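Summary of structural features
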Amino acid sequence: MPQTAQPETTRTTEATDSRVVEYCSELIRLDTTVGLRPERAAAEYVAARLSEAGLTPRLLEGARGRTNVVARMAGREQDLPPLLLHCHLDVVPADPAGWSVHPFSGEVAGGYVWGRGAVDMKDMVAMTLDVVATFAESGRGPRRDVVLAFVADEEQGGNLGAQWLVERHPDLFADCEVAIGEVGGFSVQSPQGSLYLLETAQKGAFTLELTARGLAGHGSMLNDRNALQALSRTVAAIADHPFPLQLTATTRTFLEQVGDAFGIEDATRDPDRALAVLGEVGRIVGATLRHTATPVNIHGGDAPNVVPPVARAQVDCRAVPGHEEDFLAELGRLIPPEVSWTTIPRGSGHENVPDTTLTRAVEAALLAEDPTAKVLPFCMSAATDARHFSRLGLACYGFVPLRLPADNDFAAMFHGTDERVAVESLVFGTRVLDRFLSTY
């Protein structure tokens, strides 16, 4: 369907550019540490901004104080299916002792907004609120209806946030076909310009639980049925196993386009070289090229001289989308008969064939602000709320537009010390998001 004409976006005034910074700083100051501080205050802040812009937000709680906000912004073309735009309000813990500033200060200094949640993901909350406010002030609006969801509990799996909404209030998203959320839209510099990574796929996640049973006894005696020994060997075998390269359509395209941008011939045959030129971002993408199995805990007895009868361990497993059964079969070959095992699903992986209309709108919005922009599809190694919304049949993408400063270690900002987002990145992202919603 051809796109209708839309007035040029105007986001050049100091007032609108500083507003997104103010929103981001104020949101960071609202401590929403998951498991410790409920999201209610941040949800009320978001709802107030939406109400000021003429929307009618709904506050929905999966548990007391664990508040989600959902609102709908009317578009110009009512025959188009709505877009879901989702952000989470919770953040992971932060120990002030290791930070240059207090993690919940929201301090603006040195060209950055500092604090827990600056990139994960109160930056996108602030950008979205700014765009909504600008639409209201200018009388413009998105091309299609946009369902806005600001959710709780993402950092602990979304049981009280996205998952709860999908299970209890699926009607709120019933007519949506596409969703955007974290992680994606950030830039990587290449000799040919800025590469912007659009998340089009995500690995699946499950916990592998291992149990070994043996002969209890005194630590001073010989014991050929030591449960901890059997379990330790198994955990080591899984951790050390070289899972083979498993390229999907997304990761193959990504490597080919990185190779083109950096002049690397046949990057799919030498992915390590292609990833190396990306710096720290290569660590994120590198984990998507094969299955990963990372031990996260092992437990047996408590006494220093007693061999326990039972030992248990957990392994964090991330499956390349579309190859989950192969992964389970390979794990089964590594686990000996004396160790029993089970899996606990934590979210299915997915891989989208990129929607041409969406990718064109993304690229056009980026090119308007960065003439060197090129969009690359990539697979995300970690799970986000997309795993829940995809259960409704939505094609889920990660798009939080940020043009990053050259010296910014973006990968280290996620859950890291001194988390911060550049002011210029926030302003850039708000302009891109405005244009994207206006034309998609």
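Residues numbered from 1 in each chain as written. Predicted model: local features only at pLDDT ≥ 70, side-chain atom pairs only at ≥ 80, totals over all residues. Heavy atoms only, no water.

**Remarks on the overall build of the protein chain**
- Scanning the protein chain from N- to C-terminus turns up 13 helices and 19 strands.
- Relative to the globule expectation of 22 Å for 440 residues, the C-alpha radius of gyration of the protein chain, 23 Å, shows essentially globular dimensions.
- Its C-alpha atoms put the protein chain at 80 × 55 × 45 Å along the principal axes.
- Every one of the 440 residues in the protein chain was classed for burial, and the buried ones make up 57%.
- Long-range pairs, those at least 24 residues apart, make up 80% of the contacts in the protein chain between residues at least 6 apart in sequence.
- Total accessible area on the protein chain is roughly 18200 Å²; 51% of this is exposed by carbon and sulfur atoms. (Helix = DSSP H or I, 4+ residues; strand = E, 2+ residues; numbered from the N terminus. Rg over C-alpha atoms; globule rule 2.2 N^0.38 Å. Buried < 20%, exposed > 50% of the residue type's maximum accessible area, 1.4 Å probe, protein only. Contact = heavy atoms within 4.5 Å. Areas by Shrake-Rupley, 256 points an atom, 1.4 Å probe, with all protein chains shown as cover.)

**Here's the deal with helix α2 (residues 40-52)**
- Compared with an ideal rise of 1.5 Å per residue, which puts 13 residues at 18 Å, α2 spans 18 Å between its outermost C-alpha atoms and is within 8% of the ideal.
- Among all positions of α2, only Ala 42, Ala 43, Tyr 45, Val 46, Ala 47, Arg 49 and Leu 50 are buried.
- Two residues or fewer past α2, Gly 54 is found with a positive phi of approximately 90 degrees. (Expected span 1.5 Å × (residues − 1).)

**Topic: the sheet that holds strand β4 (residues 108-109)**
- If you walk across this open sheet you meet the three strands as β4-β5-β19, and the pairing is antiparallel. Each edge of the sheet is formed by a strand with only one pairing partner; in this case those strands are β4 and β19 (420-422).
- Packed onto the sheet, helix α13 (residues 423-439) meets β4, β5 (112-114) and β19 and runs at close to 65 degrees relative to β19. (Pairing = 2+ DSSP bridges. Axes fitted to C-alpha atoms, helices over the stretch in contact; angles between N-to-C directions.)

**Structural notes on the pattern of salt bridges**
- Enumeration over the complete set of coordinates arrives at 18 salt bridges.
- The salt bridge involving Glu 167 is made with Arg 391; its shortest N-O contact spans 3.4 Å. Taken as a pair, Glu 167 in helix α4 (residues 162-168) and Arg 391 in the loop between α11 (386-389) and β18 (395-398) lie far apart in primary sequence, 224 residues in all.
- Overlapping salt bridges bring together Arg 19, Asp 130 and Glu 137 as one network. (Salt bridge = Lys/Arg side-chain N within 4 Å of Asp/Glu carboxyl O.)

**Remarks on unusual backbone geometry**
- Following Asp 120, the chain continues to Met 121 via a peptide bond in cis, the omega torsion being -15 degrees.
- Relative to the assigned elements, Met 121 resides in the loop between β5 and α3 (122-138).
- Here the residue pair Glu 182 and Val 183 is connected by a cis peptide bond, since its omega of -10 degrees sits within 30 degrees of zero.
- Looking at where Val 183 falls in the secondary structure, it is placed in the loop between β7 (178-181) and β8 (187-190).
- Residue His 415 is not a glycine yet carries a positive backbone phi of 65 degrees.
- By the element assignment, His 415 lies in the loop between α12 (410-413) and β19.
- Residue classification places His 415 among the partly exposed residues on the basis of a relative accessible area of 44%.

**Examining the confidence of the model for the protein chain**
- In the predicted model, the protein chain carries a mean pLDDT of 92, and 96% of its residues have values of at least 70.
- Scored below 50 in pLDDT, residues 1-13 shows 29 contacts in the model against residues more than four places distant or in partner chains. (pLDDT = per-residue confidence, 0-100.)

**Overview of the nonpolar core**
- Residues Leu 50, Phe 150, Phe 254 and Phe 436 are the most contacted members of the largest nonpolar core, which totals 86 residues.
- By residue number, the principal contributor to this core is α3, which donates nine residues.
- Excluding residues that lie within four positions of it along the chain, Leu 50 makes contacts with Leu 55, Pro 57, Val 69, Ala 71, Leu 129, Val 132, Leu 148 and Phe 150.
- Of all hydrophobic cores here, the second largest spans 21 residues; its members include Leu 210, Ile 238, Ala 311 and Ala 313. (Core = buried A, V, L, I, M, F, W, Y, C linked by side-chain atoms within 4.5 Å.)

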